[in-house]
Amino acid sequence: MSDTGEDRRPARPGRRNVVRGIGLAAGGLFAAGAGFATEQAWRGDGPPTPASAASVDSWQPPDRQVDVVWSVDIRRRLVALTFDDGPMAKWTPQALDALDEAAVPATFFVVGSRLVRNAHLVEGRLGRHEIGNHTWNHDDLSKLSLAHAYRSIHRTHEAIQQVTGRTPRLLRPPWGRLGGTTLHVAAQHGYDIALWSLLVQDLRLSREPAEMVSAVVDNARPGTIVLAHDVGARSREAAVERLPAMIRGLRGRGFDFVTVSQLRRAAL
C-alpha cells in the first residue's frame, strides 16, 4: 500500500485545557489489567493489546511527570501552529514556503519513516521551527505492546536527532490517542504530550476556503494550539494554500505566532 499520508482522524477533543500532573503511574492504575498481562505471558499467549496503561506488565515510576497539553492558559495573544504527518512532497514544501514568507514559526510532528526518506525536503529549512515525535509509521500507540510502542517512538526520536541535530521534547500520538502504553513511552523519552484545541477543518471545508479560514481565525483564543497537516489528500493542499490567509487573519486579530514549547514557556 502506498504511503499517501491520508490518515483518518476522529473528532478533535472538546476540552481546552492543560492537564498537569499525569505522573505516569502508567501500568499501575488497575491491578487487574497488569494481572491479565501477567497471566497471558505465563500462558505464552503473547502481549495483550493495551486497553489502558495498566496492561504494562511491570514498570518503574518515571523520574518525571508527563504533562498533556491541549492549549495554554495565557492572556497574551499567542497561538501555536502545528503540522502533523510529514514530511512528504505533498505538501510539506508548500507549508514551509508559506511559513518562511510570513516569518512564522511552527511545530512539526513528524513521522519517523517519512523523515528518513524525505530528509532532503526539510534540510536547512527548520531553523525557526520545532520538531516533535509522531511515531515511526503513524502508529496507533493505544494498540501496541510496550516493546513495539517504545521501538516506534525511539526510532523516530533517533531519526529526528540525526536529521535535525536536535532532541525532540514533545510527542503527539496519532489521532490523539492516549491509551495503552502512550504515556509510559513518553516518560521514558522525557516527552510531554501536545494535543490541540483547534482543528483546521480541511476535510469538511476545503471547497469553501473562506469558511475554512474564518473557522480558524474566528475561533482562536490566547494559548490556542492549531492542528493542520502538511501531507495527504487534496483537502490538505487546500488548507496549506490558505495558510497565508489564516496568518493574516490571526495577525489582524493581534495574535503572534510561537512554537508549542515557546507557548508553554510564555505561560510560566
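Refer to the structure presented above.
K.L.:
What am I meant to see in the environment of L250 here?
P.N.:
Note on placement: L250 falls in helix α10 (residues 243-252). Spatially, the C-alpha atoms of L250 and R77 are 9.6 Å apart, while their sequence positions differ by 173 residues. Excluding anything up to four places from it in sequence, L250 contacts V79, V216, V217, A220, F255 and F257.

K.L.:
Quick question: what am I supposed to make of the side chain of N118 here?
P.N.:
As for its placement among the helices and strands, N118 is situated in the loop between α3 (112-117) and α4 (119-122). Residue classification places N118 among the buried residues on the basis of a relative accessible area of 14%. Setting aside anything within four residues of it in sequence, one finds N118 in contact with P87 and M88.

K.L.:
Just to check I follow, could you spell out helix α8 (residues 209-219) for this structure?
P.N.:
Residues spaced three or four apart along an α-helix point in a common direction, a consequence of the helix completing one turn every 3.6 residues. Among all positions in α8, only M212, V213, V216 and V217 are buried. For α8, the buried positions fall inside an angular range of 120 degrees around the axis, keeping them on one side. Summarising the contacts, the buried residues of α8 are in contact with β8 (198-199), α7 (202-205), α9 (234-241) and α10.

K.L.:
So what exactly am I meant to see when it comes to helix α5 (residues 146-164) here?
P.N.:
For α5, built from 19 residues, the straight-helix expectation of 27 Å at 1.5 Å per residue is met to within 8% by its first-to-last C-alpha distance of 27 Å. Restricting attention to buried positions, one finds in α5 the residues A149, S152, I153, T156, H157, A159 and I160. For α5, the angular spread of the buried residues around the axis is 165 degrees, confining them to a single face. Seen from the open side of α5, the exposed residues pointing more than 90 degrees away from its buried face are A147, H148, R151 and Q162. Looking at the packing, one finds that the buried side of α5 touches β4 (107-110), α3, β5 (130-133), β6 (170-171) and α6 (182-188). G165 sits one or two residues past α5 and shows a positive phi near 75 degrees.

Conventions used here
Residues numbered from 1 in each chain as written. Predicted model: local features only at pLDDT ≥ 70, side-chain atom pairs only at ≥ 80, totals over all residues. Heavy atoms only, no water. Helix = DSSP H or I, 4+ residues; strand = E, 2+ residues; numbered from the N terminus. Contact = heavy atoms within 4.5 Å. Buried < 20%, exposed > 50% of the residue type's maximum accessible area, 1.4 Å probe, protein only. Arc of directions from axis to C-beta. Expected span 1.5 Å × (residues − 1).

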